[in-house]
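Breakdown of the fold
As a plain string of letters, each chain reads:
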Amino acid sequence: MQVKPPEHFCCHRFHPRTKATGLQQPDSDRVGAAGVGDPYFPTMGNGGYDADHYDLRLDVDPANNHLTASCEMKARALQDLDAFNLDFRNFDIAHITVNGTEAKFQREGGELTITPEQPLLAGQDFSVKVDYAGNPVPYESSHAPITIGWNPTDDGGSYVLSEPDGSSTWYPVNDHPRDKATYKFYVTVPNDYQAVCNGKLVEKSPLGEDKTTYVWDAQDPMASYLSTVNVGKFEEQLQTGPEGVPIHNFFATPVAKKAKKDFERVPEMMEWFSNRYGKYPFETYGNLVINANVGGAALETQTRPIYERGMVTGDKRAEYIYAHELAHQWWGNSTSVENWKDIWLNEGFANYSHMQWKHEHDGSFKKLDRAMYQMYMFLPRNSPPVVDPGENDMFSENVYNRGAVTLHLLRKDLGDETFFNCLKTYGEQYRGKNVTTDDFIAVVNTVSGQDKTEFFDRWLRQSKLPPWPGNPLG
Ligand SMILES: [Zn+2]
């Protein structure tokens, strides 16, 4: 996520809910947990199963801001389950089936507890389908700097940004990056709108006289907060990245002409980052500019980052933000956090990436070095640590900037060849997986043949800002 200007969101404490229980009062050992165990989000995600795939069918009525929807999750039980949870807020649920048979359910806050007629056995594949309808409600998460979830645009359509916990406000989901899954979206909209989601557009078929169904296939496993469905009026642009990666852009009509110019260097950007970080990790890419301004935010929604209208200027002024969201495809999307306290692995890396694009690609290492020193000079001398900054400081500027400075100083210390080998190895080893800061440090130590543990401790885990090593003007 990139938010300009930086905003600090209000700091409501998160109140963990008590664990919901199934209707039949089953033995608690046979009920999936109501959370995955992330200390910042006690009820985010659920235990007892592993989601593999979501089929999302959404019939969108933009005039009435109404969804008629079904979500089918295919999963595998990791334990015997008399009942299990999905994360889901709002909407009316018509019915729920498990393996095609009607199941009982109850709701408490954001937890939907489902009790299948036949208990599930450990190792068993199962599918759960939830039919629901209603008006999506934008979500004021206490953890996000902007309103998230399903929101209206200025052309009567809608957009979805969900980091970190907004996905459960528009579909039932195991809502934590630890449980990545593939997705297929079937989105039906009136003919004068288009639907844009993650992955590849594989089909566009008329439904009656007035509607069209857009089918999007996202075959690369994805963290739920990176899923998105957008309804609007767009112009399309096709580009080709390195090794033929298709880049399919959608630009809100009023800014499309300028956007085509602003985004023209994206293939070059992808090639440049591929040379530094290794092969682009997904099968497809494409940018989406929505017809709304959303508090200066962009989000790295997987394979299809979203930008507000104001990030199109016609003179590439916001190009560094496109670089930031592209870099997230490697850092944050392919390599996903195991716990939200390690969010610097997303944001420190993406911030350092856009600084490289802005100051080094279009300048020199010396220019980048000066810019990083300037960034360092603006860092607070004492701050919450970069790793585990506390749930209310997850998206603080310090996490982004001190994280980026840390990577820059590591690069200067190791030299370019070793530094970028570390990043390539890390990206490759954890491609499509979850990561912790210790995982990254272990890769750096192995690839460099040096023990950098103490360096990372000082820069990432302590409040006091270490001195800039050496002569900054040298
Ligand atoms: Zn970001």
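What counts and what doesn't
- Residues numbered from 1 in each chain as written.
- Predicted model: local features only at pLDDT ≥ 70, side-chain atom pairs only at ≥ 80, totals over all residues.
- Heavy atoms only, no water.
- Helix = DSSP H or I, 4+ residues; strand = E, 2+ residues; numbered from the N terminus.
- Rg over C-alpha atoms; globule rule 2.2 N^0.38 Å.
- Buried < 20%, exposed > 50% of the residue type's maximum accessible area, 1.4 Å probe, protein only.
- Areas by Shrake-Rupley, 256 points an atom, 1.4 Å probe, with all protein chains shown as cover.
- Lys, Arg positive; Asp, Glu negative; His and termini not counted.
- Charge placed at Lys NZ, Arg CZ, Asp CG, Glu CD.
- Contact = heavy atoms within 4.5 Å.
- Domains from an automatic or database assignment.
- Buried area = accessible area lost by both parts, 1.4 Å probe.
- Salt bridge = Lys/Arg side-chain N within 4 Å of Asp/Glu carboxyl O.
- Arc of directions from axis to C-beta.
- Phe/Tyr/Trp six-rings, centres within 6.5 Å; stacked < 30°, edge-to-face > 60°.
- Lys NZ or Arg CZ within 6 Å of the ring centre and 35° of its normal.
- Core = buried A, V, L, I, M, F, W, Y, C linked by side-chain atoms within 4.5 Å.
- Pairing = 2+ DSSP bridges.

Assigned secondary structure in the protein consists of nine helices and 23 strands. In terms of C-alpha radius of gyration, the protein reaches 22 Å, essentially the compact-globule figure of 23 Å for 474 residues. Its C-alpha atoms give the protein principal-axis dimensions of about 70 × 50 × 40 Å. A total of 474 residues make up the protein; the buried ones form 61% of that total. Within the structure as shown, the protein displays about 17800 Å² of accessible surface, and the carbon and sulfur contribution to it stands at 48%. Of note, the protein has its 46 positive side-chain charges centred 6 Å away from the centre of its 65 negative side-chain charges.

As a further point, take the side chain of T303. Tracing the chain through its elements places T303 in the loop between β20 (297-299) and β21 (306-307). Take T303: its relative accessible area is 4%, and that puts it in the buried class. In this structure T303 touches N198, G199, Y280, F282, T284, Y285, G286 and Q329, once residues within four positions along its chain are discounted.

Moving on to the domain arrangement of the protein. When its domains are assigned, the protein resolves into domain 1 (233-334) and domain 2 (337-461). For domain 1 versus domain 2, the distance between C-alpha centres works out to 22 Å. Opposite the 22 residues of domain 1 that make contact, domain 2 presents 25 residues. A per-residue breakdown of the area domain 1 buries against domain 2 is headed by W272, R276 and W331, which together make up 32% of the total. Where domain 1 meets domain 2, there are two salt bridges.

What follows deals with the pattern of salt bridges. For the structure on display, the rule yields 23 salt bridges. The salt bridge partner of R30 is D80, with a shortest N-O separation of 3.4 Å. Of this pair, R30 sits in the loop between β1 (2-3) and β2 (49-61) while D80 sits in the loop between β3 (66-77) and β4 (84-87); the two residues are 50 residues apart in sequence, bridging distant segments of the chain. By relative accessible area, D80 is classed as partly exposed at 30%. Close ionic contact of R30 with D82 constitutes a salt bridge, the shortest N to O distance being 2.9 Å. Here D82 lies in the loop between β3 and β4 and R30 lies in the loop between β1 and β2, a separation of 52 residues in the sequence. Residues participating in the shared-partner salt-bridge network are R276, E360, R411 and D416.

Looking now at helix α9 (residues 453-461). Along an α-helix, a turn takes 3.6 residues, which lines up residues three or four apart on a common side. All of the buried residues in α9 are F455, F456, W459 and L460. In a view along the axis of α9, the buried residues occupy a sector of 95 degrees, so they form one face of it.

On to the packing of aromatic side chains. The full count for this structure, using the stated rule, is 46 aromatic pairs. Ring geometry for Y280 and Y285: centres 5.7 Å apart, planes at 75 degrees, overall edge-to-face. Overall, Y280 belongs to the buried group, its relative accessible area being 3%. Between K233 and the ring centre of Y193, over which it is positioned, the NZ or CZ distance is 4.7 Å.

Our focus in this paragraph is the nonpolar core. Membership of the largest hydrophobic core comes to 145 residues, with the highest contact counts inside it found for Y132, F185 and F440. The biggest single contributor to this core is helix α6 (residues 397-414), with eight residues. Residue contributions to this core reach at least three from each of two domains, namely domain 1 (233-334) and domain 2 (337-461). Sequence-distant contacts of F185, that is, excluding residues within four places in its chain, are made with L56, W170, C197, N198, Y214, V215, W216, A218, M222, S227, T228 and V229.

Strands sit in the order β6-β5-β9-β3-β2-β12-β15-β14 across an open sheet of eight strands; the sheet is mixed. A strand with exactly one partner marks an edge of an open sheet, and here the two such strands are β6 (101-102) and β14 (200-207). Note that strand β5 (residues 92-98) and strand β9 (residues 125-134) share six bridges and pair antiparallel. Its bridge partner being in β9, H95 is matched across the sheet by D131.

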